[in-house]
Protein chains: 2
Amino acid sequence: MGMKANGKISTAVIRRLPKYRRILQELMVKGVERISSNELSALTGFTASQIRQDLNNFGGFGQQGYGYNVEGLHGQIGNILGLDREYRMAIVGCGNLGQAIANYATYYKTGFVVTSMFDVNPKLIGISINGIEVQDYSEMQSCLEKNPVDIGIICTTKGSAQDVADKLCNGNVKGIWNFAPTDINVCEGMVLENVHLSDSLNTLAYFISHNDPRNEA
Amino acid sequence: MGMKANGKISTAVIRRLPKYRRILQELMVKGVERISSNELSALTGFTASQIRQDLNNFGGFGQQGYGYNVEGLHGQIGNILGLDREYRMAIVGCGNLGQAIANYATYYKTGFVVTSMFDVNPKLIGISINGIEVQDYSEMQSCLEKNPVDIGIICTTKGSAQDVADKLCNGNVKGIWNFAPTDINVCEGMVLENVHLSDSLNTLAYFISHNDPRNEA
DNA sequence: TCATATTTTTTATTGTAATTACAAATTTAT
DNA sequence: ATAAATTTGTAATTACAATAAAAAATATGA
């Protein structure tokens, strides 16, 4: 029981974990106590055997003849994902997208706290978003020294993204969540997660134009 | 030369195409005329051989001893992705996220046109976003009959997402771009592209908490 | 309590994607 | 015009991920 994870786990596996957890959370809300890999297969769209193998990378969370305890497995996956702690986040670029993410994190993602927001636009500097005052981007580095964050979120234009990334790298940030429609270079050891909406939309266009509804992104 | 694509191409390949095209576009802007798979490898992070194999799924776009013509390849990938036509899009849910996407599509994505926007919030209905008036969600179905769209974009809360998806399915939409943090069921033949920000953030947390900077999402 | 149904765990197999290696074509330099 | 260097296209190999099968453990019901 519990957390072996010796060898490196493939990213394919890791990217399925949040979905498992999301579905387990819904089951918890519904009061479901136990679930089999077969039932989880129907809910997730992955094969039962893949689900079992994925989970077994980390430990034997199930019980033969019984299945998985919903609440227990939900907790275990949370631990694996590192959700048993709090992440402080800074949003850079406070346009609609930055604000959307601030709202989202504030209201729906416990464990992820937006602690500071930055922009260059004088019209935005000073205003308060969910109780966080937007600060001048030129002060970001000193602000991050006083109030360090774990995650920097880039919601700027393409042109500013690399500059922001550089400053975040100097600011002792551990991970960057990049929404700017460009690739950025980050320092050694930095965790980078890109959300390339443009690529996603182009992929959607491919499937539409080829009449190929290969569902599930 | 040009567009074989007989057998089904794996989604892994398709999801790399937008990045190739994005980088080729930047090269075009810089005035670069030709490029080798090796140089593309350095720019994309994929191996040169993988790039050659990816492109060869669709045809021999390169020339031995010379490489690829930047503008030509950019155009070919555009054609493969189905970007040689226009896509009409409707945004459902006009909060910050919906507005962010409206702005983004309007200013940066030629070929993708936002033609209508819908919301249930009386404070938003009637206002104009980039010249598009936000309409009452209850009128969406009749609006889509008069002015059909190719793509429906779901920017609502989790709770409303399935209802929106159902109505889009009845509205002759070809593809759904889903930003709601939940899985939705769509009708047969519908193309679905999910952008699960929650899953993306949880994945980022995994790599941070495991000190595993396996760069590139 | 025992036999049977479940259902996970673990191992083996298959299938798919990525890499390597090399032959064929082209360009560049002499 | 010829040789050397470049670079793609593709076949062969390797590595990896997904599936299936076998084995072990537990639960259920008579």
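To be clear, the structure that these remarks concern was listed above.
This write-up is about the structure you can find in this document. Predicted, not measured: the structure shown is a model, and the values here were computed from it. (Residues numbered from 1 in each chain as written. Chains lettered and ligands numbered in written order. Predicted model: local features only at pLDDT ≥ 70, side-chain atom pairs only at ≥ 80, totals over all residues. Heavy atoms only, no water.)

1. Brief notes about the nonpolar core
Put simply, the rule reads: Residues enter a nonpolar core if they are buried and are Ala, Val, Leu, Ile, Met, Phe, Trp, Tyr or Cys, with the set joined through side-chain atoms within 4.5 Å. For each residue, the accessible area found with a 1.4 Å probe, counting protein chains only, is set against the maximum for its type, and the residue is called buried under 20%, exposed over 50%, and partly exposed in between.
Ile 151 and Trp 177 of chain A together with Ile 151 and Trp 177 of chain B are the most contacted members of the largest nonpolar core, which totals 102 residues. Counting residues in hydrophobic clusters, the runner-up holds 21 residues, among them Phe 118, Met 140, Val 149 and Leu 168 of chain A.

2. Quick look at the protein's contact with DNA strand C
What counts here: Near residues are defined by distance, with any heavy atom within 4 Å of the molecule or strand qualifying the residue. Under this definition, polar contacts are N or O atom pairs within 3.5 Å; protein pairs additionally need one hydrogen-donor-capable and one acceptor-capable atom, and for neighbouring residues in sequence, both atoms have to be side-chain atoms. Segments assigned H or I by DSSP are reported as helices when at least four residues long, segments assigned E as strands when at least two residues long, and all are numbered from the N terminus. Gly is placed with the polar residues, together with every amino acid not listed as nonpolar (Ala, Val, Leu, Ile, Met, Phe, Trp, Tyr, Cys and Pro) or charged (Asp, Glu, Lys and Arg).
The local shell around DNA strand C holds 27 residues, among which Ser 37, Arg 52 and Gln 64 of chain A together with Ser 49 and Gln 53 of chain B are the closest. Restricting attention to atoms of DNA strand C within 4 Å of the protein, one finds that 67% of them are sugar or phosphate atoms. Residue Ser 37 of chain A places a side-chain N or O atom 2.6 Å away from a phosphate oxygen belonging to DNA strand C. Taking Gln 53 of chain B, its side chain carries an N or O atom lying 2.9 Å from a base oxygen of DNA strand C. At the level of elements, α3 (48-56), β2 (62-63) and β3 (67-69) of chain A together with α3 (48-56) of chain B are the ones that each hand at least two residues to the surface near DNA strand C. Element by element, the count of residues in the surface near DNA strand C is highest for α3 of chain B, at four residues. Of the residues belonging to the surface near DNA strand C, the class tally is three nonpolar, 18 polar and six charged.

3. Some details on the packing of helix α1 (residues 11-29) of chain B against helix α4 (residues 70-81) of chain B
All names here are of chain B. Our working rule: Helix axes are fitted only over the stretch in contact, all axes being lines through C-alpha atoms; the angle between N-to-C directions runs from 0 to 180 degrees. Handedness of a crossing is defined here by the sense of rotation of the near helix relative to the far one, left-handed for an anticlockwise turn of less than a right angle and right-handed for a clockwise turn. Whether two residues are in contact is decided by their heavy atoms, any of which lying within 4.5 Å being enough.
Their axes nearest at 9 Å, the elements α1 and α4 cross at an angle of 145°. α4 is crossed by α1, and the crossing has left-handed handedness. Note on element contacts: α4 touches α1 through Val 70, Glu 71, Leu 73, His 74, Ile 77, Gly 78, Ile 80 and Leu 81, opposite Leu 17, Pro 18, Tyr 20, Arg 21, Leu 24, Gln 25, Leu 27 and Met 28. Taken together, the residues of the contact of α1 with α4 sort by class into 11 nonpolar, three polar and two charged.

4. Details of the packing of helix α1 (residues 11-29) of chain A against helix α8 (residues 197-209) of chain B
Formally: In what follows, roughly perpendicular refers to angles from 65 to 115 degrees, roughly parallel to angles under 35, roughly antiparallel to angles over 145, and oblique to any angle outside these ranges.
Axis separation between α1 of chain A and α8 of chain B bottoms out at 9 Å; the angle between their running directions is 125°. In terms of axis orientation, α1 of chain A runs oblique to α8 of chain B. With respect to the hand of their crossing, α1 of chain A and α8 of chain B are arranged in right-handed fashion. Residues Thr 11, Ile 14, Arg 15, Pro 18, Lys 19, Arg 21 and Arg 22 of chain A of α1 of chain A form the contact with α8 of chain B, whose own contacting residues are Asp 199, Asn 202, Thr 203, Tyr 206 and Phe 207 of chain B. Broken down by class, the residue content of the contact of α1 of chain A with α8 of chain B amounts to four nonpolar, three polar and five charged.

5. Section: the side chain of Thr 203 of chain A
Structurally, the position occupied by Thr 203 of chain A is in helix α8 (residues 197-209). For Thr 203 of chain A, a relative accessible area of 1% translates into the label buried. Beyond its immediate stretch of four places on either side in the chain, Thr 203 of chain A contacts Ile 14, Arg 15, Pro 18 and Glu 193 of chain B.

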